[in-house]
Amino acid sequence: DTGVSQNPRHKITKRGQNVTFRCDPISEHNRLYWYRQTLGQGPEFLTYFQNEAQLEKSRLLSDRFSAERPKGSFSTLEIQRTEQGDSAMYLCASSLSEADEKLFFGSGTQLSVL
Amino acid sequence: GENVEQHPSTLSVQEGDSAVIKCTYSDSASNYFPWYKQELGKRPQLIIDIRSNVGEKKDQRIAVTLNKTAKHFSLHITETQPEDSAVYFCAPRNSNYQLIWGAGTKLIIKP
């Protein structure tokens, strides 16, 4: 286990299709975060998990977005009925615990909605 | 809501010179102040952080200073090198334990 892993690295889809991304955090990390980043901007918080519990979801996140972390290990982020505005880099990060704020990021999934 | 601002948005320095990036925040309850570096096409990586009970922290050529009264903290890079070229983000943690990210500062090191 060398770090946070995200799949796929790139996803091209047509508007209206559903997409799902996967994140595998560092194995002993309890916290897992999803961010979205567009060119020239900082990461935008989407949601985070403490083990399998989803503790917070951004108000900016529409109902088309859902995330799960069923066994407190890997997580999936699904976007339903994709729109062109969903095109972005989706970053996953993990941290050891609430007390340890250091985030370790994955390489991200670049989504392009045509 | 919380407000985080970074200045400048772009900084160009001669190789070997120093660079300073400033981050101001609005949440007076913030108590953790990290800086992340993101090279082109790569993931953000933590380069240095500081807590509110410390005024300054140094790690080789990189340092962070904190002024809690004025609600700002700064990243200092000395003897800049080409590999320092990147976008740097501050991300102070708010009272809900969430990192609030700045818009980033693009640092360009001129040879």
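A brief report on the enclosed structure follows. All residue numbers refer to positions counted from 1 along the written sequence of the respective chain. Both sets of labels track the order of writing: A upward for chains, 1 upward for ligands. Only residues with pLDDT of at least 70 get local features here, since the model is predicted, and only at 80 or more are side-chain atom pairs given and counted; chain-wide, interface and lining totals rely on the full set of residues. Only hydrogens and water are set aside; all other atoms, that is, all heavy atoms of the structure, feed into the side-chain values.

## Brief notes about the packing of aromatic side chains
Side-chain rings of Phe, Tyr and Trp, where Trp is taken by its six-membered ring, are said to pair if the distance between their centres is within 6.5 Å; with planes under 30 degrees apart they count as stacked, over 60 as edge-to-face, and otherwise as tilted. Enumeration over the complete set of coordinates arrives at 16 aromatic pairs over all chains. Judged by centre distance (5.4 Å) and plane angle (45°), the ring pair of Phe21 of chain A and Tyr90 of chain A falls under tilted. Separated by 69 residues along the polypeptide, Phe21 of chain A in strand 3 (residues 19-24) and Tyr90 of chain A in strand 9 (residues 88-95) bring together distant segments of the chain. An angle of 35° between the planes, with centres 6.5 Å apart, marks the rings of Phe65 of chain A and Tyr90 of chain A as tilted. Taken together, the residues span a long stretch of sequence, with Phe65 of chain A in strand 7 (residues 65-68) and Tyr90 of chain A in strand 9 at a distance of 25 residues. An aromatic cluster is present here, built from Tyr33, Tyr35, Phe45, Tyr48 and Phe105 of chain A together with Tyr36, Phe89 and Trp101 of chain B joined pairwise through their rings. Placement of a charge over a ring requires the Lys NZ or Arg CZ to be within 6 Å of the ring centre, with the centre-to-atom vector within 35 degrees of the ring normal. Its end group placed over the ring of Phe74 of chain A, Arg22 of chain A keeps NZ or CZ at 3.9 Å from the ring centre. Note on conventions: DSSP H or I runs of at least 4 residues are helices, E runs of at least 2 residues are strands, and numbering of each starts at the N terminus.

## Quick notes on the side chain of Arg69 of chain A
Residue and element names in this part refer to chain A. Turning to its location among the elements, Arg69 is positioned in the loop between strand 7 and strand 8 (75-79). For each residue, the accessible area found with a 1.4 Å probe, counting protein chains only, is set against the maximum for its type, and the residue is called buried under 20%, exposed over 50%, and partly exposed in between. When charges are counted, Lys and Arg contribute as positive and Asp and Glu as negative, whereas His and the chain ends are disregarded. By definition here, a salt bridge exists when the distance from a side-chain nitrogen of Lys or Arg to a carboxyl oxygen of Asp or Glu is within 4 Å. For the buried residue Arg69, which engages in no salt bridge, the nearest side chain bearing the opposite charge is Glu52, 7.1 Å off. One polar contact links the side chain of Arg69 to the main-chain carbonyl oxygen of Asn30, over a distance of 2.6 Å. In protein, a polar contact means a hydrogen-donor-capable atom and an acceptor-capable atom, both N or O and within 3.5 Å, with residues adjacent in sequence counting only if both atoms are side-chain atoms; elsewhere, any N or O pair within 3.5 Å suffices. Within the local environment of Arg69, its side chain forms a polar contact with the backbone oxygen of Ser73, the two atoms lying 2.8 Å apart. Contacts between residues were defined by any pair of non-hydrogen atoms, one from each residue, lying within 4.5 Å. Among residues more than four places away in sequence, those in contact with Arg69 are Pro25, His29, Asn30, Arg31, Leu32, Phe49, Gln50, Asn51, Glu52, Phe74 and Ser75.

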